[in-house]
Amino acid sequence: MRFFTKMLLLLAAASVMASCCGIDKKAGNVGDGHPDKPNVSVGKLDFYPEFESPSGLVSARNVYVWLPSDYSKGKKYSVVYMSDGQNLFDAEKMFNHQEWKVDETFGRLLEEKKIQNCIVVGVANSFRTRSQEYFPQDVFELYSPELKDYSRSKRLGEQDLLGNNYLKFLVEELKPFIDENYSTRKDREHTFHMGSSMGGLISSYAVTKYPEVFGGAGCLSTHSVLYITDYNAEQDFIDPANQCYVDYLKANLKPNSCKLYMDRGDQTLDAQYPKYQDRIDKMLKDTGWDDDHFVSKVFPGLAHVEDSWASRLEVPVLYLLGK
């Protein structure tokens with residue numbers, strides 16, 4: 001009797017854990033009623049609050065799965081994984097009342113039959129460790145000791161860098177969950193990563209670390225100075241940080257090996273980017289990237305905020321998923 005009582009208690013605990021992690025696989029019920037669940041005006045949103053990494057690679061965070069209104073298990077869908085998932089769908093739940101308008105843009109492009117069937121998986125940032133998770137960890141190893149110290153003093157702190165853990169979580173834990181519970185195309189040609197600012201950095205890093213998984217990256221307002229935030233600082237720090245990123249991409253991205261989209265505005269933080277993004281663009285063009293596999297755009301008048309990314313979201317989406 002004690003054995004069966006113990007088993008019942010274990011099963012009950014597992015059920016509670018699954019509920020707390022938001023892992024409710026019943027169609028139409030995922031995350032319903034949760035106060036943090038965003039509202040969408042187009043399609044349907046499944047919400048997994050406090051989704052846990054089984055191995056503890058990253059801290060628990062909310063995961064959002066957007067499905068088109070005509071989603072059907074009888075079809076197969078490409079998957080776009082997006083950073084900063086809490087910023088994608090509902091301005092009312094944002095501190096700055098701005099959002100990416102992911103449901104509106106993807107929904108419209110699907111309705112117009114301009115892009116392939118797809119779903120979007122938004123992964124919330126961890127807030128306290130966002131810098132460490134979105135930092136391309138292997139680039140940091142190219143820094144000089146002085147540059148490492150400077151970068152840590154500006155933003156990274158003394159915490160462990162988590163970029164490799166974060167991508168491993170996406171590839172080895174979250175993606176299998178998505179592929180098991182949704183009707184997805186699992187191959188690299190139909191799997192993409194997209195983000196902005198540091199989220200753009202981790203997108204570009206994803207296609208270098210897991211080229212067999214991600215067939216394309218959308219990198220908006222890419223923060224290619226790698227969290228050196230004092231633009232009045234000596235160029236002895238800013239230029240080498242950017243150059244290490246360029247050198248890393250050159251060494252780890254074979255020409256035309258994926259679809260790579262980059263862009264920037266020219267207002268607020270994006271106004272600091274021309275010199276550094278131009279260096280990336282030149283390297284990629286000089287090493288043989290063609291327009292079918294790499295594009296870099298400038299959007300005058302747009303800033304480093306969600307409203308600006310929303311206003312041009314269809315551009316990278318069409319580039320990556322256009323028919």
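Small disclaimer: the values here were computed from a predicted structure and weren't measured.

Asks: Please give an account of the packing of aromatic side chains that cites residues and values.
Replies: For the structure shown, the criterion picks out 18 aromatic pairs. For the pair Phe 140 and Tyr 143, a centre-to-centre distance of 5.3 Å together with 45° between the ring planes defines the contact as tilted. Judged by its relative accessible area of 4%, Tyr 143 falls in the buried class. One aromatic cluster in this structure is built from Tyr 48, Phe 51, Phe 169 and Phe 177. Geometry around Tyr 319 places Lys 259 over its ring, the cationic atom sitting 4.7 Å from the centre.

Asks: Go over unusual backbone geometry with me, naming the residues and quoting the values.
Replies: Notably, Lys 113 is not glycine yet its phi reads approximately 60°, a positive angle. Position of Lys 113 among the secondary structure elements: in the loop between helix 2 (102-111) and strand 4 (118-123). Positive phi, close to 50°, is recorded for Ser 221, a residue that is not glycine. Note on placement: Ser 221 falls in the loop between strand 6 (216-220) and helix 8 (235-252).

Asks: Tell me about the environment of Asp 138, and name the residues and values.
Replies: Looking at the secondary structure, you find Asp 138 in helix 4 (residues 137-140). The exposure class of Asp 138 is partly exposed, given its relative accessible area of 26%. Measuring from C-alpha to C-alpha, the distance between Asp 138 and Cys 244 comes to 9.9 Å, with 106 residues separating the pair along the chain. When near neighbours in sequence (up to four residues on either side) are disregarded, Asp 138 contacts Asn 164, Tyr 205, Lys 209 and Tyr 248. Among the polar contacts listed, one links the side chain of Asp 138 to the side chain of Asn 164, at a separation of 3.3 Å.

Asks: Any chance you could break down the packing of helix 2 against helix 11 (residues 314-321) for me, citing the residues and the numbers?
Replies: Packed helices, taken two at a time, are described by the angle their axes make and the gap between the axes. Two numbers describe how helix 2 lies on helix 11: the axes approach to 10 Å, and their chain directions differ by 45°. On the basis of the axis angle, helix 2 is oblique to helix 11. When the axes of helix 2 and helix 11 are compared, the crossing they make is right-handed. Between helix 2 and helix 11, the residues in contact are Thr 105, Phe 106, Arg 108 and Leu 109 and Glu 314, Val 317 and Leu 318, respectively.

Asks: So what's going on with the environment of Val 80? Residues and values would help.
Replies: Tracing the backbone shows Val 80 in strand 3 (residues 78-82). When its relative accessible area of 0% is taken as the criterion, Val 80 is described as buried. A C-alpha to C-alpha distance of 6.1 Å links Val 80 and Val 121, two positions 41 residues apart in sequence. Those residues in contact with Val 80 that lie beyond four places of it in its chain are Phe 106, Ile 119, Val 120, Val 121, Phe 192, Met 194 and Leu 321.

Asks: Could you give an account of helix 11, with specific residues and numbers?
Replies: Of all the residues in helix 11, the buried ones are Pro 316, Val 317, Tyr 319, Leu 320 and Leu 321. Each buried residue of helix 11 lies within a common arc of 165° when the element is viewed along its axis, so the set occupies one face.

Asks: How would you summarise the pairing of strand 2 (residues 61-67) if you had to cite specific residues and measurements?
Replies: In terms of burial, strand 2 is a largely internal element, seven of the seven residues being buried. In the sheet, strand 1 (residues 44-51) pairs with strand 2 via six bridges, with the strands oriented antiparallel. When the sheet's bridge partners are listed, Asp 46 is paired in strand 2 with Val 65. Examined bridge by bridge, strand 2 and strand 4 share four bridges and lie antiparallel to one another. Counted as the bridge partner of Tyr 64 is Gly 122 from strand 4.

Asks: Can you tell me about the sheet that holds strand 5 (residues 191-196), naming the residues and giving the values?
Replies: Taken in spatial order, the eight strands of this open sheet run 1-2-4-3-5-6-7-8, and their pairing is mixed. Whereas interior strands pair on both sides, the edge strands pair on one side only; in this sheet they are strand 1 and strand 8 (294-299). When the angles between neighbouring strand axes are averaged without regard to direction, this sheet yields 15°. Sheet analysis places strand 6 next to strand 7 (residues 259-265), joined by five bridges and oriented parallel. Bridging across to strand 7, Cys 219 finds its partner in Met 262. Running over the sheet, helix 6 (residues 163-181) touches strand 1, strand 2, strand 3, strand 4 and strand 5 and is turned about 135° from strand 4.

Asks: Tell me about the pattern of salt bridges, residues and numbers included.
Replies: In total, this model carries 17 salt bridges according to the counting rule given. Lys 148 is the partner of Glu 141 in a salt bridge, and the nearest nitrogen-oxygen pair spans 3.7 Å. In this structure Glu 141 comes out as exposed when scored by relative accessible area, which is 53%. Measuring nitrogen to oxygen at the nearest pair gives 2.7 Å for the salt bridge that ties Asp 263 to Arg 312. Here Arg 312 lies in helix 10 (residues 306-312) and Asp 263 lies in strand 7, a separation of 49 residues in the sequence. When salt bridges with common partners are traced through the structure, they connect Arg 108, Glu 112, Lys 114 and Glu 314 into a single cluster.

What counts as what
- Residues numbered from 1 in each chain as written.
- Predicted model: local features only at pLDDT ≥ 70, side-chain atom pairs only at ≥ 80, totals over all residues.
- Heavy atoms only, no water.
- Phe/Tyr/Trp six-rings, centres within 6.5 Å; stacked < 30°, edge-to-face > 60°.
- Buried < 20%, exposed > 50% of the residue type's maximum accessible area, 1.4 Å probe, protein only.
- Lys NZ or Arg CZ within 6 Å of the ring centre and 35° of its normal.
- Helix = DSSP H or I, 4+ residues; strand = E, 2+ residues; numbered from the N terminus.
- Contact = heavy atoms within 4.5 Å.
- Polar contact = N/O pair within 3.5 Å; in protein donor to acceptor, adjacent residues only side chain to side chain.
- Axes fitted to C-alpha atoms, helices over the stretch in contact; angles between N-to-C directions.
- Parallel < 35°, antiparallel > 145°, perpendicular 65-115°, else oblique.
- Left-handed = near helix turned anticlockwise from the far one by under 90°.
- Arc of directions from axis to C-beta.
- Pairing = 2+ DSSP bridges.
- Salt bridge = Lys/Arg side-chain N within 4 Å of Asp/Glu carboxyl O.

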